Amino acid sequence: MMDLLIPDKTHDESRQGEALMLKAEAAKNNGRKLYIESYGCAMNFSDSEIVASILAERGFETTSDYSVADVIFINTCSIRENAEQRVRNRLKEFTVAKVKNPGLVVGVLGCMAERLKSKFLEEEKLVDVVVGPDAYRDLPNLIDQVDDGQKAVNVLLSREETYADISPVRLNSNGINAFVSIMRGCDNMCSFCVVPFTRGRERSRDPLSIVAECRDLFDRGYREVTLLGQNVDSYKYSTTGEEVITTNFANLLEMVALINPDLRVRFSTSHPKDITDDVLYTINKYDNICNYIHLPVQSGNSRILDLMNRTYDREWYINRIDAIRSIIPDCAISTDVITGFCSETDDEHKDTVSMMDYVKYDFAYMFKYSERPGTLAAKRYADDIPEEVKQKRLTEIVAKQQEYSFYRMQARIGRVERVLIEGFSKKSDKDYCGRSDQNAMVIFPVGENYKPGQYVNVLIERSTTATLIGKVVD
Ligand code: 5AD
Ligand code: SF4
């Protein structure tokens, strides 16, 4: 049985390579089975739901067993070299399936498809279809082309596509939390990052379609939505017509929060240069907007931040942290950090460590710098920090983060947390698990008076570095 928890992390290790399942509508069933697995960020997992929805319309049923599939899709990530290597290794495993079933269609979707384009077809003979993140509506045609004996590629990026009208089928869902994509692409051009090249220009989705999707989720029993975008703080949508109304991220958060006080609202990812006090006041105003902000710092040193083209410096980031602390009492903060970026000295690395000491993050995703072809950094700077040094710096900050995660968890002991129950805990069906407002995982004994999808108050009695443990008190 697959783990039904859907944590709202950006790159959740436990979900990498997860396959999606849904039933085709009986009336449309074309007798063909789709197997689709996803890698990378939450946006990719959300996109796979859009893909499955487009193909369900054409009568495809999904399967979690690729050996019985007629179409295998792998939705890929290019963010670091090892993410791409993982996909290539996985493709090798599909070779046997293709030998057994020569009519099998193998497709590569997502960021790696966009980056490598038709080169993919030359490099991986197994692959029949290469489709970028803005071309999923074309999938039925592309499959037809392959059925006719051709290879098929569509990697056109779009300035408009937001798939706003496609209501994604919720796959592997626990029926409680869902991701809702509010924008696509990224215009930031951080020098290390391949995303602007693979996902194209930033565009925001019509707020009314977002609110309608969230309301529909609530009506179907969902109790938590995570609004997704590469940089949610630059969300902006203007209506056309006589009276132009512009919606920014603070407005959108408020619109979604007002759907129902029992619908929790989360969001990811915030950008330090764009997060406004207005957004912070909105988070504080509504109890159902969770007190949790993922605010990637990348580095604590201003020279490195400049080379990274992050467009903020150390002081600016600290100012945003101070603003969060003063406007939203009791807000959890997590981050992303890269070690060993081009020319980073030991002293500059120490600035990242001291930033961690300053913020005492609740959680952090930490990476060694991995040069990506075509990015500004790859063109401009040498990847000159030796692997051992990158690793040593990473090991140091991982250890530091462990301490702070534990510190943050310990600080909750003796407090009562409002928890949305998501299901049984991973380890035992005698315990439920769910998340606190601040996004901490909370484990507590199963009881008769409450069930998944409901809120309970849990008194926290102990903790590990990653989990709070307690008992229900109401
Ligand atoms: N090397 C290492 N980490 C990277 N990230 C993005 N690009 C790279 C890269 N080339 C990290 C950043 C980003 C997160 C999603 O992945 O920290 O915030
Ligand atoms: Fe990449 Fe920077 Fe855009 Fe994030 S904000 S996707 S790190 S370019």
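Above: the structure in question.
Residues numbered from 1 in each chain as written. Chains lettered and ligands numbered in written order. Predicted model: local features only at pLDDT ≥ 70, side-chain atom pairs only at ≥ 80, totals over all residues. Heavy atoms only, no water.

Peer 1: Tell me about helix 1 (residues 42–57), and name the residues and values.
Peer 2: With 16 residues, helix 1 extends 23 Å from end C-alpha to end C-alpha; this agrees with the ideal 22 Å at 1.5 Å per step. In terms of burial, helix 1 is a largely internal element, 15 of the 16 residues being buried. In the stretch just after helix 1, glycine 59 is the one whose phi turns positive, near 95 degrees. (Helix = DSSP H or I, 4+ residues; strand = E, 2+ residues; numbered from the N terminus. Expected span 1.5 Å × (residues − 1). Buried < 20%, exposed > 50% of the residue type's maximum accessible area, 1.4 Å probe, protein only.)

Peer 1: Explain the environment of phenylalanine 60 to me, using residue names and the numbers behind them.
Peer 2: Mapping phenylalanine 60 onto the fold places it in the loop between helix 1 and strand 3 (61–62). Residues phenylalanine 60 and glutamine 16, 44 residues apart in the sequence, show an inter-C-alpha distance of 23 Å.

Peer 1: Please provide a residue-by-residue account of the site of ligand 2, values included.
Peer 2: Ligand 2 sits among Cys186, Asn188, Met189, Cys190, Phe192, Cys193, Val195, Pro196, Gln230, His271 and Arg310. Residue classes in the shell around ligand 2 are distributed as seven nonpolar, three polar and one charged. (Near = heavy atom within 4 Å. Nonpolar A, V, L, I, M, F, W, Y, C, P; charged D, E, K, R; others polar.)

Peer 1: Give a detailed account of the site of ligand 1, specifying residues and quantitative values.
Peer 2: In the vicinity of ligand 1, the contacting residues are Ile79, Arg80, Phe192, Gln298, Asp336, Ile338, Phe367, Lys368, Tyr369, Ser370 and Arg372. One of the side-chain N or O atoms of arginine 80 is found 3.0 Å from an oxygen atom in ligand 1. Here aspartate 336 contributes a side-chain N or O atom positioned 2.6 Å from an oxygen atom of ligand 1. Starting from 400 Å² of accessible surface for ligand 1 in isolation, the protein chains cover 92%. Listed by contribution, the elements that provide at least two residues to the shell around ligand 1 are strand 16 (332–339) and strand 17 (363–368). When its residues are assigned to classes, the shell around ligand 1 shows five nonpolar, two polar and four charged. (Polar contact = N/O pair within 3.5 Å; in protein donor to acceptor, adjacent residues only side chain to side chain. Areas by Shrake-Rupley, 256 points an atom, 1.4 Å probe, with all protein chains shown as cover.)

Peer 1: Got a sec to walk through helix 2 (residues 81–93)? Specific residues and values, please.
Peer 2: With 13 residues, helix 2 extends 19 Å from end C-alpha to end C-alpha; this agrees with the ideal 18 Å at 1.5 Å per step. Along helix 2, the residues that are buried comprise Ala83, Glu84, Val87, Arg88, Arg90 and Leu91. The buried residues of helix 2 all sit within an arc of 160 degrees when viewed along its axis, so they share a single face. Exposed positions of helix 2 whose direction lies more than 90 degrees from the buried face are Asn82 and Lys92. (Arc of directions from axis to C-beta.)

Peer 1: Residue-level account of the pattern of salt bridges, with values.
Peer 2: A complete count under the given rule lists 39 salt bridges for this structure. Note that aspartate 128 and lysine 151 form a salt bridge whose closest N and O atoms lie 3.8 Å from each other. Of the two residues, aspartate 128 is situated in the loop between helix 5 (119–123) and strand 6 (129–131) and lysine 151 in the loop between helix 6 (139–147) and strand 7 (152–154); the sequence distance between them amounts to 23 residues. Look at lysine 151 and you get partly exposed, because its relative accessible area is 40%. Note that glutamate 161 and arginine 137 form a salt bridge whose closest N and O atoms lie 2.7 Å from each other. Here arginine 137 lies in the loop between strand 6 and helix 6 and glutamate 161 lies in the loop between strand 7 and strand 8 (177–181), a separation of 24 residues in the sequence. On the accessibility criterion, arginine 137 (37% relative accessible area) is partly exposed. Several salt bridges converge on common partners, so that one network encompasses Asp47, Asp134, Arg184, Arg199 and Arg203. (Salt bridge = Lys/Arg side-chain N within 4 Å of Asp/Glu carboxyl O.)

Peer 1: Give a description of the packing of helix 12 (residues 314–327) against helix 13 (residues 346–359) that names residues and reports values.
Peer 2: Axis separation between helix 12 and helix 13 bottoms out at 11 Å; the angle between their running directions is 10 degrees. In terms of orientation, helix 12 and helix 13 fall into the roughly parallel class. Here helix 12 and helix 13 pass one another in a crossing that is right-handed. Two secondary-structure elements touch here, helix 12 through Arg314, Tyr317, Ile318, Ile321, Asp322 and Arg325 and helix 13 through Asp351, Ser354, Met355, Tyr358 and Val359. Residue composition of the contact of helix 12 with helix 13, by class: six nonpolar, one polar and four charged. (Axes fitted to C-alpha atoms, helices over the stretch in contact; angles between N-to-C directions. Parallel < 35°, antiparallel > 145°, perpendicular 65-115°, else oblique. Left-handed = near helix turned anticlockwise from the far one by under 90°. Contact = heavy atoms within 4.5 Å.)

Peer 1: Describe in detail the side chain of serine 234, supporting the description with residues and values.
Peer 2: Tracing the backbone shows serine 234 in the loop between strand 11 (224–228) and strand 12 (236–238). Given the relative accessible area of 19%, serine 234 is considered buried. When near neighbours in sequence (up to four residues on either side) are disregarded, serine 234 contacts Met183, Glu202, Ser204 and Asp274.

Peer 1: Give a description of the environment of tyrosine 369 that names residues and reports values.
Peer 2: On the secondary structure map, tyrosine 369 appears in the loop between strand 17 and helix 14 (376–380). Sequence-wise, tyrosine 369 and threonine 339 are 30 residues apart; in three dimensions their C-alpha atoms are separated by 5.8 Å. Sequence-distant contacts of tyrosine 369, that is, excluding residues within four places in its chain, are made with Phe192, Ile338, Thr339, Gly340, Phe341, Cys342, Ala377, Ala378, Asp383 and Lys390.

Peer 1: Explain the packing of helix 10 (residues 277–285) against helix 12 to me, using residue names and the numbers behind them.
Peer 2: The contact between helix 10 and helix 12 brings their axes to 10 Å, and the two run at 30 degrees. Put simply, helix 10 runs roughly parallel to helix 12. Relative to helix 12, the crossing made by helix 10 is right-handed. Along the contact surface, helix 10 presents Asp277, Leu280, Tyr281 and Asn284, while helix 12 presents Arg320, Ala323, Ile324 and Ile327. Tallied by class, residues from the contact of helix 10 with helix 12 come to five nonpolar, one polar and two charged.

Peer 1: So what about the sheet that holds strand 11? Which residues, and what values?
Peer 2: Pairing between sheet strands relies on hydrogen bonds along the backbone, with the strands arranged either parallel or antiparallel. Strand order in the open sheet formed by three strands is 8-11-14, with parallel pairing between adjacent strands. One side of each edge strand has no neighbouring strand; the edge strands of this open sheet are strand 8 and strand 14 (264–268). Across the sheet, the mean angle from the axis of one strand to that of its neighbour is 25 degrees, orientation sign disregarded. Sheet analysis places strand 11 next to strand 14, joined by five bridges and oriented parallel. Across the sheet, the residue bridging to valine 225 is valine 265, located in strand 14. (Pairing = 2+ DSSP bridges.)

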